[in-house]
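Chain by chain, the residues:
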Amino acid sequence: MSNVRVIGGAPLPNLPWEERAQGSQEVVWRYSRNPIIPRNPFPGANSTFNSAAVPFNGKFAGVFRCDSTAREMQIHAGFSDDGIHWQINPERIRFIHEDAEINGWEYGYDPRVVWIEDRYYITWCNGYHGPTIGVAWTTDFKEFHQLENAFLIFNRNGVLFPRRINGKFMMLSRPSDNGHTPFGDIFLSQSPDMVHWGCHRHVMGCTGGWQSTKIGAGPIPIETSEGWLLFYHGVLTSCNGFVYSFGAALLDLDEPWKVIHRSKNFLIAPWEQYECVGDVPNVTFPCAALTDAASGRIAIYYGCADTVTGLCFTTAQAVIDHLKAGN
Ligand code: BMA
């Protein structure tokens, strides 16, 4: 067992945290008071899930997927003192466009947020004649500046790395179709300027079982001494439709399209009532992770049944030991 160190990020002593229950063998364990965000934290919300939180000014901020009671998919900013109790703006994010060409809102969902260099970047599944990856930045979670879409349609699950690698921004994504996509591998694309993306690399595809239909990157990868730790969702097609679980992979630090280890067994699958019952049953969908670089503790935010938001916990050491042992 090597001594895993979290290289990226900073100490986060106020990381939301709960110890694993005594006697539990789980590598990733759920918060006992899940779900942390109900489906309707403000009037007009139908569901709040697949959302992203980051440290912000000693507290926390985030971008939340809130589908409205008109069943429009929108993204909203939110704030929290402790990472558990959230105040979410009832008004959706209205982006500022320096270039009127990219004005025009169709829908947005499944946001990710990451601090890179001097600002927070947001990526999300953005409607532009079909789903693609929207990109924007903010410094205060009040004004959001939208950049060009990263790719042509159809694409989902755009996830940035938290720093340049070999001088380039890097983004994972999952090329898809215009529907519920019965296929999908994770790819990586590179950019000198956050606008032009190329040098596309295949990262990993489907295997079997819980990850036999499609896979997609989840939270921002976590930089560790052993490689980039990536949590990703995997989908199985059952007689009742898709089942979304999640696992983890370790990617090479310098060439992150090279997979060092990946999960054979899921880490979390829809087992709890709030993960199995909702607008889309049987979905656990991680979109964000907070990491305390000092302790290696990780808190993962995940959407539950496309309805509410849950929290679960692990450590970089526990996940990486688990992957290295062939699990
Ligand atoms: C995907 C996305 C996710 C959702 C999942 C399960 O295609 O729409 O937001 O959680 O399906 O419905």
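- Looking at an unreviewed UniProt entry, the protein carries the name Glycosidase, with the source organism given as Mariprofundus ferrooxydans PV-1.
- What the UniProt record of the protein gives under Sequence similarities (unreviewed entry) is the line "Belongs to the glycosyl hydrolase 130 family."

## Describing empty space enclosed by the protein
And then number 1: For the coordinates displayed, the defined rule picks out one cavity of 30 Å³ or more.
And then number 2: The space that makes up the largest cavity amounts to roughly 60 Å³.
And then number 3: For the largest cavity, the full set of lining residues is Ile-102, Gly-104, Asn-126, Gly-127, Tyr-128, Gln-146 and Asn-149.
And then number 4: Here the residues of the lining of the largest cavity sort into two nonpolar, five polar and no charged.

## Remarks on the environment of Arg-71
And then number 1: Note on placement: Arg-71 falls in the loop between strand E3 (59–68) and strand E4 (73–80).
And then number 2: Separated by 105 residues in sequence, Arg-71 and Ser-176 place their C-alpha atoms 22 Å apart.
And then number 3: Once you skip the residues sitting within four places of it in the chain, Arg-71 turns out to touch Asn-46 and Asp-279.

## What to know about unusual backbone geometry
And then number 1: Note the cis peptide between Asn-34 and Pro-35, where omega equals -10°.
And then number 2: The residue Pro-35 is located in the loop between strand E1 (29–30) and strand E2 (45–56) in this model.
And then number 3: For the bond running from Ile-153 to Phe-154, omega is 5°, close enough to zero to count as cis.
And then number 4: With respect to the helices and strands, Phe-154 occurs in the loop between strand E9 (145–146) and strand E10 (155–160).
And then number 5: Positive phi is not limited to glycine here, since Met-194 has a value of about 70°.
And then number 6: Note that Met-194 resides in the loop between strand E12 (186–191) and strand E13 (198–204).

## Quick word on the pairing of E12
And then number 1: Burial runs high along E12: five of the six residues are buried.
And then number 2: Pairing of E12 with E13, which is carried by four bridges, proceeds in the antiparallel orientation. Within E13, the residue paired with Gln-190 across the bridge is Gly-198.
And then number 3: In textbook terms, the turn of a hairpin is the stretch between consecutive antiparallel strands, and for E12 and E13 this stretch comprises six residues, one of which, Met-194, has a positive phi near 70°.

## Some thoughts on the pairing of strand E14 (residues 214–217)
A regular strand carries its side chains on alternate faces of the sheet.
And then number 1: Side-chain alternation along E14 places Lys-214 and Gly-216 on one buried face and Ile-215 and Ala-217 on a second face that is also buried.
And then number 2: Bridge analysis of E14 against strand E16 (residues 227–238) gives four bridges, and the strand direction is antiparallel. Note on E16: the bridge partner recorded for Ala-217 is Tyr-232.

## A look at the site of the ligand
And then number 1: In the vicinity of the ligand, the contacting residues are Asn-50, Arg-65, Tyr-109, Asp-110, Tyr-244, Val-280, Val-283, Phe-285 and Asp-306.
And then number 2: Here Arg-65 contributes a side-chain N or O atom positioned 2.6 Å from an oxygen atom of the ligand.
And then number 3: Contact distances for the ligand include 2.7 Å between an oxygen atom and a side-chain N or O atom of Asp-110.
And then number 4: Taken by itself the ligand offers 310 Å² of open surface, and the protein chains cover 87% of this.
And then number 5: Class assignment for the residues of the shell around the ligand results in five nonpolar, one polar and three charged.

Rules used throughout
Residues numbered from 1 in each chain as written. Predicted model: local features only at pLDDT ≥ 70, side-chain atom pairs only at ≥ 80, totals over all residues. Heavy atoms only, no water. UniProt positions renumbered as here; feature names shortened; annotations may be inferred. 1 Å grid on protein atoms, 1.4 Å probe; cavity = no way out; pocket = protein on both sides within 12 Å on 5 of 7 lines; lining within 4 Å. Points joined across faces, edges and corners; volume = space filled by probe spheres on them. Nonpolar A, V, L, I, M, F, W, Y, C, P; charged D, E, K, R; others polar. Helix = DSSP H or I, 4+ residues; strand = E, 2+ residues; numbered from the N terminus. Contact = heavy atoms within 4.5 Å. Buried < 20%, exposed > 50% of the residue type's maximum accessible area, 1.4 Å probe, protein only. Pairing = 2+ DSSP bridges. Near = heavy atom within 4 Å. Polar contact = N/O pair within 3.5 Å; in protein donor to acceptor, adjacent residues only side chain to side chain. Areas by Shrake-Rupley, 256 points an atom, 1.4 Å probe, with all protein chains shown as cover.

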